[in-house]
Amino acid sequence: MARVEFRRIEKRFGDVVVIQDMDLVINDGEFVALLGPSGCGKSTSLFMLAGIYMPSAGELRFDDSVVNEVEARDRNVGIVFQSYALYPHMTVQNNIMFPLRFKGVPREQALPKVREAAELVHVGELLDRRPAQLSGGQQQRVALARALIKEPQLLLLDEPLSNLDATLRLTMRTEIKALQERLGVTTILVTHDQLEATTMADRVICMRAGRIEQVGSPDDLYSRPASLFVASFIGSPPINLLTGQAQNGAIRVKELSLPCSGGVSGEVTVGLRPEHMHFGDTGIPGRIAQLEPMGREILYVIDTPVGHVRILEGGSVAAHRIGEAVHLAFEPDATLVFEADTEALLPNARVLLPNGGAAAA
Amino acid sequence: MAIPAVPAAVTQTHWDRLAIRARWKRRAKSTGLYSFLIAVSIPIMLPYFWLVTIAFSAKRGVAETEVLWLSISILVPTLLAYWIWSIFARNIGQLLMGFLAVTAVGGAAFAVYVLPELHLRNFIFMVETNFPDVVRSRAGEVSGGISFPNVWQAFANSLYLAGAQTVIVATVASLAAYYLSRFQFPGRAAMLRSLLVLHAFPVLTLIVPLFLLLNFVGLLDQMLGVILVLVGFELPFAIFIMKGFFDAVPWDIEMSALTDGASRRQAFVKVVLPQVTNGIIAISVFSFIRGWEEYIFVFTFLIKNTNWTMSLYMFFVRDDLMGVDFGVVSAVGVFYLIPSLVLYVAAQKFLMQMSVGGVKG
């Protein structure tokens, strides 16, 4: 188990800077997620932790020692790859035992450990099979067993669930999280799926183009996103964004004027989450363009003067029809306002409902 | 565009007729195709067949054809009977019974008409080193001027030449291809291109410079000299093929091995190499056959008759005995042919996969 620290880490490939000035502390036993779109440097960070890439600048620390130049084989890091990376020519048993061979563990001592690790992830009866004879979920479990058998001080998961079907993903999510809690191993999950990150991790690190955009609990990222990028990345269905001009306590978005508080001025972007919006008697006028039943909820796409707006309403039966004229209301406390050019959150700014309602307050 | 409606009754009656027409069309097509394939394969198959029959049956030294036609007149009806029976058999039991019957009849005809004609006297060269003189005196001619080595010596030389060459090519090509596949270095692209350009050189153009070169370094008339020359010619293509196989091995499993505690070399040997065994087998077989059939270099660079390979032996037998005894020449040919034939048949499965690895160059 280890505490991991990135100190002004930079990684370049030739002239391309992939990671810039990364500062991050991951505490002992913590489960964190590195979240970001593809190409944001999250996998590169992971490979630096594993010792496959060497940082170009800065210090990478495990506990109190700098490990920049320590080879992958000496780091005692367990890693589960997106493709699982099982050795195709070996049986499951030999796959799981592989790390022990390099630790000089004799076979008779290794075998019970292999069986124990296999039982832990429920693949005990598959030991004689080869990877090609396993389903995706089973391969994933074997990969997990192989990563855990060396009792790693750090467990790295590189998009571990992206090759599984939806149901299995849900199961594995719960299982991996439970396993991590039980073993208490410091775990870093790399993913581009915000749901995976927020459901599994204690803390989420949102990355963009080689920089850390925000570090915080899943709730921090959802309710108090530091930037427009985080706001649009977290949340499903995605947040509605309206860009307009703020002046004299109101934001003008095309022909619509939304009153606002917090003394905002200049160009801003307003973020309204679909789940924080509802149909009202007053508010933004519009017409229902499309509706998508999602089972528990219904997603409406509304044609408004400011473009398409998505709103989420509870219930499985649609209360409105396509073409119906409606008004959209929202909760002013849940609104987000960002400065348009820096994309930073204006923490005190709130948008209020137009003509009447909350605007009167 | 409107689709013209077809009255239901009309289409109904047409289906059966259309099905019959399609069936006949299919049959006519496959009959035509098979007839064509058989017609073009006859001129290819016949010489091999003749080589084998004459080697085992020629008695008078001339180019005899009686046994050839006799055996063909048994073989062809037998094959036809198999084919026809496989069309008419209704189940697997009938099929096997029919095949058994055809085999019995064909075998009996072979035993009665062909078997008494067969003998091994043409294989005199396997026991009698000075067999050309024996053969000549049998034909009432004076002895020739060429002194032959023991055929087993030539056989061993060929084995050594082809085997040593194969081992070097397989080893060097695997290592070089792995490096080309995995590492970036200046001149990599140019090297890959030149690999193919090197293969474009007609070998004959280099024979004089190579002769002088071998003479200077003192490897003329030595097996090692020819082996090195062959390795030089074989390597580019082998490297190219192997690179395709290595390219198909995912990086992940290699990285996984590194984090599992393997060194770079251990990862190569224990994880990567087992994924490309088919490629190694394929290039080994091709190199071996290339060495086994090598003629032009051994003819130029090897002089002593104790250095003769099977191809040289074959050449001088042909030179000395052509027109004296076709049977003996054919027997030497069969003897020369068998090892490469056995190798091809044994390795066929692996050779078929070569294009799979090769396309990803």
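Rules of the game
- Residues numbered from 1 in each chain as written.
- Chains lettered and ligands numbered in written order.
- Predicted model: local features only at pLDDT ≥ 70, side-chain atom pairs only at ≥ 80, totals over all residues.
- Heavy atoms only, no water.
- Helix = DSSP H or I, 4+ residues; strand = E, 2+ residues; numbered from the N terminus.
- Rg over C-alpha atoms; globule rule 2.2 N^0.38 Å.
- Buried < 20%, exposed > 50% of the residue type's maximum accessible area, 1.4 Å probe, protein only.
- Contact = heavy atoms within 4.5 Å.
- Areas by Shrake-Rupley, 256 points an atom, 1.4 Å probe, with all protein chains shown as cover.
- Lys, Arg positive; Asp, Glu negative; His and termini not counted.
- Charge placed at Lys NZ, Arg CZ, Asp CG, Glu CD.
- Phe/Tyr/Trp six-rings, centres within 6.5 Å; stacked < 30°, edge-to-face > 60°.
- Lys NZ or Arg CZ within 6 Å of the ring centre and 35° of its normal.
- Buried area = accessible area lost by both parts, 1.4 Å probe.
- Salt bridge = Lys/Arg side-chain N within 4 Å of Asp/Glu carboxyl O.
- Polar contact = N/O pair within 3.5 Å; in protein donor to acceptor, adjacent residues only side chain to side chain.
- Nonpolar A, V, L, I, M, F, W, Y, C, P; charged D, E, K, R; others polar.
- pLDDT = per-residue confidence, 0-100.
- Domains from an automatic or database assignment.
- Arc of directions from axis to C-beta.
- Pairing = 2+ DSSP bridges.

**Q** Explanation requested: the overall build of chain B in the structure shown.
**A** Within chain B, the regular secondary structure consists of 15 helices and zero strands. Computed over C-alpha atoms, the radius of gyration of chain B comes to 28 Å, more than 25% over the 21 Å expected from 2.2 N^0.38 for 361 residues, which places it beyond the range of a compact globule. Projected onto its principal axes, the C-alpha coordinates of chain B cover approximately 90 × 75 × 40 Å. The 361 residues of chain B split such that 39% are buried. Across chain B, every contact between residues at least 6 apart in sequence was considered, and the portion connecting residues at least 24 apart equals 74%. Summing over all exposed atoms, chain B offers an accessible surface of approximately 20,400 Å²; the carbon and sulfur share of this is 72%. Distance between charge centres in chain B, computed from 25 positive and 18 negative side chains, equals 16 Å.

**Q** Any chance you could explain the packing of aromatic side chains here in plain terms?
**A** Any two aromatic rings considered together are summarised by their centre-to-centre distance and by the angle between their planes. A full pass over the atoms with the stated rule returns 38 aromatic pairs over all chains. Centre to centre, the rings of A:Phe98 and A:Phe102 are 5.0 Å apart; their planes meet at 75°, and the pair counts as edge-to-face. Taking NZ or CZ as reference, A:Arg146 lies 4.5 Å from the ring centre of A:Tyr87, over its face. The residue whose ring lies beneath B:Arg182 is B:Trp251, and the NZ or CZ to ring-centre distance is 4.8 Å.

**Q** How should the interface of chain A and chain B be read in this particular structure?
**A** Think of interface size as the accessible area that goes away when the parts come together; that is how it is often given. Residue-level contacts link 21 residues of chain A with 16 residues of chain B. Roughly 1,700 Å² of surface becomes buried between chain A and chain B when both sides are summed, with 62% attributable to carbon and sulfur atoms. At the junction of chain A with chain B, the criterion picks out two salt bridges. Of the charged contacts in the structure, one is a salt bridge between A:Arg146 and B:Asp260, with a shortest N-O distance of 3.6 Å. Put simply, chain A and chain B have 10 residue pairs in polar contact (both at pLDDT 80 or more) between them. At the level of secondary structure, the elements contributing two or more residues to the side of chain A that touches chain B comprise helix H1 (42-50), strand E6 (77-80) and helix H2 (92-101) of chain A. The residue inventory of the side of chain A that touches chain B, partitioned by class, reads 15 nonpolar, two polar and four charged.

**Q** Quick question: what am I supposed to make of the confidence of the model for chain B here?
**A** All names here are of chain B. Looking at chain B, pLDDT values average 86 and 93% of them are 70 or higher. Contacts from residues 356-361, a stretch scored under 50 in pLDDT, to residues over four places away or in other chains number nine contacts. Interface confidence in the predicted complex, given as ipTM, is 0.82; pTM for the same model is 0.79.

**Q** Which parts of the structure should I look at to understand the domain arrangement of chain B?
**A** Residues and elements named next belong to chain B. As far as domains go, chain B holds domain 1 (16-119) and domain 2 (151-352). Between the C-alpha centres of domain 1 and domain 2 the distance comes to 37 Å. The partner domain 2 presents eight residues to the nine residues of domain 1 that form the contact. Roughly 670 Å² of surface becomes buried between domain 1 and domain 2 when both sides are summed, with 78% attributable to carbon and sulfur atoms. By the criterion of area lost to domain 2, the three top residues of domain 1 are Leu51, Ala55 and Gly61, representing 56% of everything that side buries. Remark: the boundary between domain 1 and domain 2 carries zero salt bridges. Our count for the contact surface shared by domain 1 and domain 2 stands at zero residue pairs in polar contact (both at pLDDT 80 or more). Within the side of domain 1 that touches domain 2, the residues separate by chemical class into eight nonpolar, one polar and no charged.

**Q** What exactly am I supposed to notice about helix H10 (residues 264-272) of chain B here?
**A** An α-helical turn contains 3.6 residues, so a residue and the one three or four places further along point in the same direction. What H10(B) keeps buried is the set B:Ala267, B:Phe268, B:Val271 and B:Val272. Summarising the axial view, the buried residues of H10(B) lie within an arc of 115°, below the 170-degree limit, and thus occupy one face.

**Q** Just to check I follow, could you spell out the pairing of strand E19 (residues 325-330) of chain A for this structure?
**A** In the case of a regular strand, side chains alternate between the two sheet surfaces. All names here are of chain A. By the bridge criterion, four bridges tie strand E15 (residues 277-280) to E19 in an arrangement that is antiparallel. From the neighbouring strand, phenylalanine 279 faces E19, where its bridge partner is leucine 328. Note that strand E16 (residues 284-293) and E19 share four bridges and pair antiparallel. By the bridge assignment for E19, glycine 286 is matched with valine 326.

**Q** For this particular structure, what's the right way to read the sheet that holds strand E12 (residues 250-253) of chain A?
**A** Each strand in a sheet pairs with its neighbour through backbone hydrogen bonds, running either in the same direction (parallel) or in the opposite one (antiparallel). Spatially, the six strands line up as an open sheet ordered E20-E14-E11-E12-E13-E21 (chain A), and their pairing is antiparallel. Both outer strands of the open sheet, strand E20 (336-339) and strand E21 (350-351) of chain A, are each paired with one neighbouring strand and no more.

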